Amino acid sequence: MGGGFGGFTAAKEICDRITDREDVGVLVIAKDNFFTFWPMVAGIVSSDIDSRNVAQPLRRALITAGASFRRSMLSKIDPENQRITLDSGVEFPYDQLVIALGGLPNFFGIPGVEEHSLTMRGIEDAERIRNRVIERFEEVSLIRGEIPESKLTFVVIGGGPTGVETAAELYNLVHEALGPDYPNIDPYRVRIFLLEGMDHILAALDPALRRAAQTRLVNQRIEVKTGAMAEEITADCVKLKGGDTIATENVIWTAGNRPNVAIDDLDDLPVDERNGIKVDEYLRVEGHSNIWAIGDCAAVPDINEENGQGIPPTAQAATQEGKAVAKNILAAIDGKEDELEKFEYKPLGTLVELGSDFAVNEVMGVRFTGTLAAIFWRLAYLARLNSPQSKAHQMTDWILGFFMRPAVTQVRGTSEK
Ligand SMILES: Cc1cc2nc3c(=O)[nH]c(=O)nc-3n(C[C@H](O)[C@H](O)[C@H](O)COP(=O)(O)OP(=O)(O)OC[C@H]3O[C@@H](n4cnc5c(N)ncnc54)[C@H](O)[C@@H]3O)c2cc1C
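Note that the coordinates shown come from a computational prediction; the quantities given were computed from them, not determined experimentally. (Residues numbered from 1 in each chain as written. Predicted model: local features only at pLDDT ≥ 70, side-chain atom pairs only at ≥ 80, totals over all residues. Heavy atoms only, no water.)

Visitor: I tried to follow the pairing of strand β23 (residues 359-363) on my own but got confused; where do I start?
Guide: Along any regular strand the residues' side chains alternate between the sheet's two faces. Within β23, 4 of the 5 residues are buried, leaving the element largely enclosed by the surrounding structure. Hairpin connection of strand β22 (residues 349-353) to β23: 5 residues between the antiparallel strands, including glycine 355 at a positive phi of 95°. With antiparallel pairing between neighbouring strands as the criterion, β23 and strand β24 (residues 366-370) make up a hairpin whose turn holds 2 residues, including methionine 364 at a positive phi of roughly 45°. (Buried < 20%, exposed > 50% of the residue type's maximum accessible area, 1.4 Å probe, protein only. Helix = DSSP H or I, 4+ residues; strand = E, 2+ residues; numbered from the N terminus. Pairing = 2+ DSSP bridges.)

Take a look at the structure:
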């Protein structure tokens, strides 16, 4: 269940390992017939990256690998009878089940966040953010008198990689893509805030990289506020703990993730306090010998951490888990329990892009920033796109981007939630 970084990798890996077997078949069921290439989602905001290159065709990739695919939502698991039920009512039997349903935004119960903010949890979300900016530009260019500050103030909440990349892409959209098309709007009237509740943005990165990222953002006049906790969001402002408010009609929430809510409906599966499905070190759901869970929806223990912290919800972790679960499932099918391998996460590093000419990267302990880092970011992710068409299109777009500004338009009606 699920065709993202975890589910797709697991299916592909099993297929690669069973080319000479006829007794094993793989079926992937996911709610979308594309694989979202998450690292490139933020680039859609500025139109540096085209949505069609981020939505990687899933059906074709799976059929080519030797698996089957159905697009549907999971609604029920019946472990006793080894069956799943989809939202259409159709049932499928299984021998081994992998749950890889991903994550969703976490609003932590903060009043107004869900109603008044845009999220950054998919391709449509990134398009919605871009459309919101265009909508505001169009609106403001019709105003004759005083322009309310809230119209042109954009507040990104969450100083992790997604929030930082989103703020940087908003800057690019405003200054590079849209600015010259709206000569009556001074792009520096647009205020972009990045709010982080902790003392640092990019808390998981090395301090030198954090500083480099913050300096870059501040030089672009992005207003970075750390130790800033949003307490309430209304239609026209963000209220911060301590009493400050920011007048804005444009809030983007990137501050929290949680396991996919569909998990709440799946009875009988053990979950932790975040609702992540509890698995053992072999990625097997506790108490179930033939159900496995990986990726953002799972609470995967880190066998190298003594303080009990789990594996972080990242694409690289989900990919490694997908490979590991494939091996373990095949061992389980063959009744070779002694060949099950404990999952050991090997973090490869973090890449954060802040515009086409700047990134902060940490790769296997090597840290580097600037234009070279941005080129590395592009090449690393280009190489990881599955679809050859997307690779070609994206590479061409980036080359064209050296000579031309992206043409940015809004298809009406798509800036609302
Ligand atoms: C904007 C953004 C940028 C990110 N950038 C990075 C990055 O640069 N590097 C990195 O390592 N990590 C990044 N991440 C985190 C990374 O995307 C996730 O950790 C990773 O995708 C988890 O893989 P997954 O397989 O668990 O979920 P996903 O890749 O999200 O896949 C979930 C799958 O489940 C399917 N699904 C969902 N609900 C249902 C349902 N009810 N029924 C059936 N199918 C369902 C979906 O269609 C999808 O196929 C980013 C996350 C976001 C939001």
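Visitor: I tried to follow the sheet that holds strand β16 (residues 245-247) on my own but got confused; where do I start?
Guide: Each strand in a sheet pairs with its neighbour through backbone hydrogen bonds, running either in the same direction (parallel) or in the opposite one (antiparallel). Taken in spatial order, the 3 strands of this open sheet run β14-β15-β16, and their pairing is antiparallel. The strands lining the two open edges of the sheet, one partner per strand, are β14 (230-233) and β16. Geometrically, the sheet is characterised by an average inter-axis angle of 20° between neighbouring strands, direction not taken into account. Alignment of strand β15 (residues 237-240) against β16, held across 3 bridges, turns out to be antiparallel. Opposite lysine 239, over in β16, you have threonine 245 as the bridge partner. (Axes fitted to C-alpha atoms, helices over the stretch in contact; angles between N-to-C directions.)

Visitor: Got a minute to help me understand the site of the ligand in this structure?
Guide: In the region of the ligand, 30 residues are neighbours, and Gly3, Gly6, Asn260, Asp296 and Ala315 sit closest. For the ligand, an oxygen atom lies 2.8 Å from a polar atom in the backbone of glycine 3. One of the side-chain nitrogen or oxygen atoms of tryptophan 38 is found 3.2 Å away from an oxygen atom of the ligand. Considering the ligand on its own, with 1000 Å² of exposed area, one finds that the protein chains cover 90% of that surface. Counting residues per element, the ones that place at least two in the shell around the ligand are α1 (5-17) and α9 (315-333). (Near = heavy atom within 4 Å. Polar contact = N/O pair within 3.5 Å; in protein donor to acceptor, adjacent residues only side chain to side chain. Areas by Shrake-Rupley, 256 points an atom, 1.4 Å probe, with all protein chains shown as cover.)

Visitor: Which parts of the structure should I look at to understand the pattern of salt bridges?
Guide: Two side chains bearing opposite charge may form a pair once their charged atoms approach each other closely. The final tally for this structure, using the stated rule, is 25 salt bridges. Ionic pairing is found between arginine 52 and aspartate 50, a salt bridge with its closest N-O pair at 3.5 Å. Relative accessible area serves as the criterion here: at 44%, arginine 52 is assigned to the partly exposed category. The partly exposed category is assigned to aspartate 50, whose relative accessible area is 30%. Arginine 128 is the salt-bridge partner of aspartate 125, the closest N and O atoms lying 2.8 Å from each other. With aspartate 125 and arginine 128 both in helix α6 (residues 123-140), this residue pair falls 3 residues apart, about one helical turn. Salt bridges sharing partners connect three or more residues here, namely Arg136, Glu139, Lys151 and Glu249. (Salt bridge = Lys/Arg side-chain N within 4 Å of Asp/Glu carboxyl O.)

Visitor: Is there a simple way to think about a nonpolar patch on the surface in this case?
Guide: Residues Met395, Ile399, Leu400, Phe402, Phe403 and Met404 make up a contiguous nonpolar surface patch of about 700 Å² in total accessible area. For phenylalanine 402, a relative accessible area of 66% corresponds to the exposed category. (Patch = residues over 30% accessible without salt bridge, like charges linked within 9 Å, V, L, I, M, F, W, Y side chains within 5 Å.)

Visitor: Is there a simple way to think about the domain arrangement of the protein in this case?
Guide: When the parts of a complex come together, some accessible area is lost, and that lost area is often taken as the interface size. Domain annotation of the protein identifies domain 1 (5-31 + 72-105 + 258-339) and domain 2 (113-255). Averaged C-alpha coordinates put domain 1 and domain 2 at centres separated by 36 Å. (Domains from an automatic or database assignment.)

Visitor: In this structure, what is going on with the nonpolar core? I would like to understand it.
Guide: The tendency in soluble globular proteins is for nonpolar side chains to be buried side by side. Core analysis: the biggest nonpolar cluster contains 117 residues, and Ile77, Ile84 and Ile99 have the highest contact counts within it. Composition of this core by domain shows at least three residues from each of domain 1 (5-31 + 72-105 + 258-339) and domain 2 (113-255). Within the second largest apolar cluster, 15 residues are counted, among which are Phe107, Val155, Ala228 and Ile233. (Core = buried A, V, L, I, M, F, W, Y, C linked by side-chain atoms within 4.5 Å.)

Visitor: What exactly am I supposed to notice about the sheet that holds strand β5 (residues 74-78) here?
Guide: Sheet architecture is open: 3 strands sit in the order β5-β6-β7, paired in antiparallel fashion. Whereas interior strands pair on both sides, the edge strands pair on one side only; in this sheet they are β5 and β7 (91-93). On average, adjacent strands in this sheet sit at an angle of 20° to one another, irrespective of strand direction. In terms of strand pairing, strand β6 (residues 83-86) meets β7 through 3 bridges, oriented antiparallel. Residue threonine 85 lies in a different strand from β7, and its bridge partner there is glutamate 91.

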